[in-house]
Amino acid sequence: MTDPTPPRGELDGRHIVLGLSGGIACYKAAELARALVKAGATVQVVMTASAEQFITPLTLQALSGRPVFGSTWDAREVDGHANNMAHINLTRGADAVLVAPASADFMARLLHGRADDLLSLLCLARAIDSCPLIIAPAMNREMWAHPATQRNVAQLRADGAHFFGPDSGAQACGEVGEGRMLEPDDLLEALIGFFRPKPLAGRRVLITAGPTFEPIDPVRGITNLSSGKMGFAIARAAVEAGAEVTLVAGPVHLATPRGVRRIDVRTAQQMFDAVMPLAPEHDVFIATAAVADWRPAHLSDQKIKKDGSKVAPLFELTENPDILAAVAQHCVAGRPFCVGFAAESHDLLKHSREKLERKRVPLIVGNLGPATFGRDDNTLVLVDAHGHRELPQADKLTLARSLIADVALRLEPAAR
Ligand code: CTP
């Protein structure tokens, strides 16, 4: 799962109907049910007869804490309704129906509006405007790639269904390719994002993150303690807000947030070379990377050895390009909207304001660097030409969402 961990209670108050159709990925649905409950959702599980061949309703009942429904003819009460209409009652008041796993056959039935089992029946009977249908496909790669399935996917999308996945990778059948269901943590992240407001829909956001590494010789280099967590959290928040996101990352050990295009680089020069051609295609540029200011002027192609003289070698340094300042300098009519970070050890406001002016950017996000590197929480101050605003201490994802909401408000409505 993407770092940082999402704040607890992300799905508080949400009611999710979790539908399982037949497939080996049903075992992942058990973990998904648990993750949804842990995130605060109430989860009503509905299973097809095929799903019950793979996992028992008892397991899902234990994990969701609610009775599992499977038959159209099940006369049990649903949330106080005793009218023997589970297919209606189950989705009334639900925030979404998530079918995970969705088999090829189940998707074909949905497409035709078939209603011959409880799950397809309730999908048809849900209020289409207030209860979205989300499909997490799970099938063999050939089944997924088949024109019939692809035709069904296109038509289901046109009918308003949303798709999470599928993923690519090793499949239960031993083949490798596209069609496996997303992992439970990825589905959770996607669902949390699904419910977030979309102020950046149609926008493109470019982000730099992490440290850079400036090699001295084949085994040594100059770097810093940046973990990249803030930049990765901002990338996730921007995707949640509906943006198309490109993340240029220095050497970090973090999973790529779902839906983000990631470009890995090592040195400041590589970061500069990756960013500059991309910047004009983006609406927003957020520079969170802790770019090394200097690099060794000469790279030794062999490991530098001690020569026995006890005299330490001296390294000549040369300045790296300032990526943020260069992007800001090439802005056309304020696009991309540039956001810089200032990681300071003292006089945060003073240094942030200096950077705002020196780099000619409309917004600097200040934070006390050494205290926050690698941590999961932080405190930020947003500094612009008019003043400053503090974002109080919170986990980095919460701060990233506040920053993204703030940036969205600053964009020219005309360009939206
Ligand atoms: N930055 C950049 N390219 C550089 C140096 C910095 O894009 N070569 C960006 C950072 O990503 C950050 C902002 O500029 O958004 C400020 O970075 P920081 O290292 O705090 O500032 P410097 O310009 O390096 O100034 P100083 O080291 O003197 O504080």
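About the thresholds
- Residues numbered from 1 in each chain as written.
- Predicted model: local features only at pLDDT ≥ 70, side-chain atom pairs only at ≥ 80, totals over all residues.
- Heavy atoms only, no water.
- Near = heavy atom within 4 Å.
- Polar contact = N/O pair within 3.5 Å; in protein donor to acceptor, adjacent residues only side chain to side chain.
- 1 Å grid on protein atoms, 1.4 Å probe; cavity = no way out; pocket = protein on both sides within 12 Å on 5 of 7 lines; lining within 4 Å.
- Sits in = over half its atoms within 2 Å of the grid points.
- Helix = DSSP H or I, 4+ residues; strand = E, 2+ residues; numbered from the N terminus.
- Nonpolar A, V, L, I, M, F, W, Y, C, P; charged D, E, K, R; others polar.
- Buried < 20%, exposed > 50% of the residue type's maximum accessible area, 1.4 Å probe, protein only.
- Pairing = 2+ DSSP bridges.
- Contact = heavy atoms within 4.5 Å.
- Axes fitted to C-alpha atoms, helices over the stretch in contact; angles between N-to-C directions.

Colleague: Before we move on, can you summarise the site of the ligand with the specific residues and values?
Modeller: In the vicinity of the ligand lie 15 residues, with Ala 287, Ala 289, Phe 341, Lys 355 and Lys 359 positioned nearest. Measuring from a nitrogen atom of the ligand, one finds a backbone N or O atom of Ile 323 at 3.0 Å. The side chain of Lys 355 places a nitrogen or oxygen atom 2.6 Å from an oxygen atom of the ligand. At a threshold of 2 Å from the grid points, most atoms of the ligand map onto the largest pocket. The set of elements that each furnish at least two residues to the shell around the ligand consists of α12 (323-329), β16 (337-344) and α13 (348-358). Top contributing element to the shell around the ligand by residue count: β16, with four residues. Of the residues in the shell around the ligand, the class split is nine nonpolar, one polar and five charged.

Colleague: Tell me about the environment of Val 46, and please be specific about residues and values.
Modeller: Checked against the element boundaries, Val 46 lands in strand β2 (residues 42-47). Of the residues examined, Val 46 reaches a relative accessible area of 0% and is grouped as buried. Separated by 51 residues in sequence, Val 46 and Val 97 have C-alpha atoms that sit 9.9 Å apart.

Colleague: Break down the sheet that holds strand β4 (residues 133-137) for me, citing the residues and quoting the values.
Modeller: In any sheet, the strands associate via hydrogen bonds between backbone groups, in a parallel or an antiparallel arrangement. Judged by pairing direction, the sheet is parallel, and its five strands sit side by side in the order β2-β1-β3-β4-β5 without closing on themselves. Both edges of this open sheet fall to β2 and β5 (162-163), since each of them pairs with a single strand only. Two strands pair when backbone bridges link them, and β4 and β5 are joined in this way by two bridges, in the parallel orientation. Across the sheet, residue Ile 134 finds its bridge partner in β5, namely His 162. In the packing of helix α6 (residues 118-125) onto the sheet, contacts are made with β1 (15-20), β2, β3 (96-102) and β4, and the angle to β3 comes to roughly 145°.

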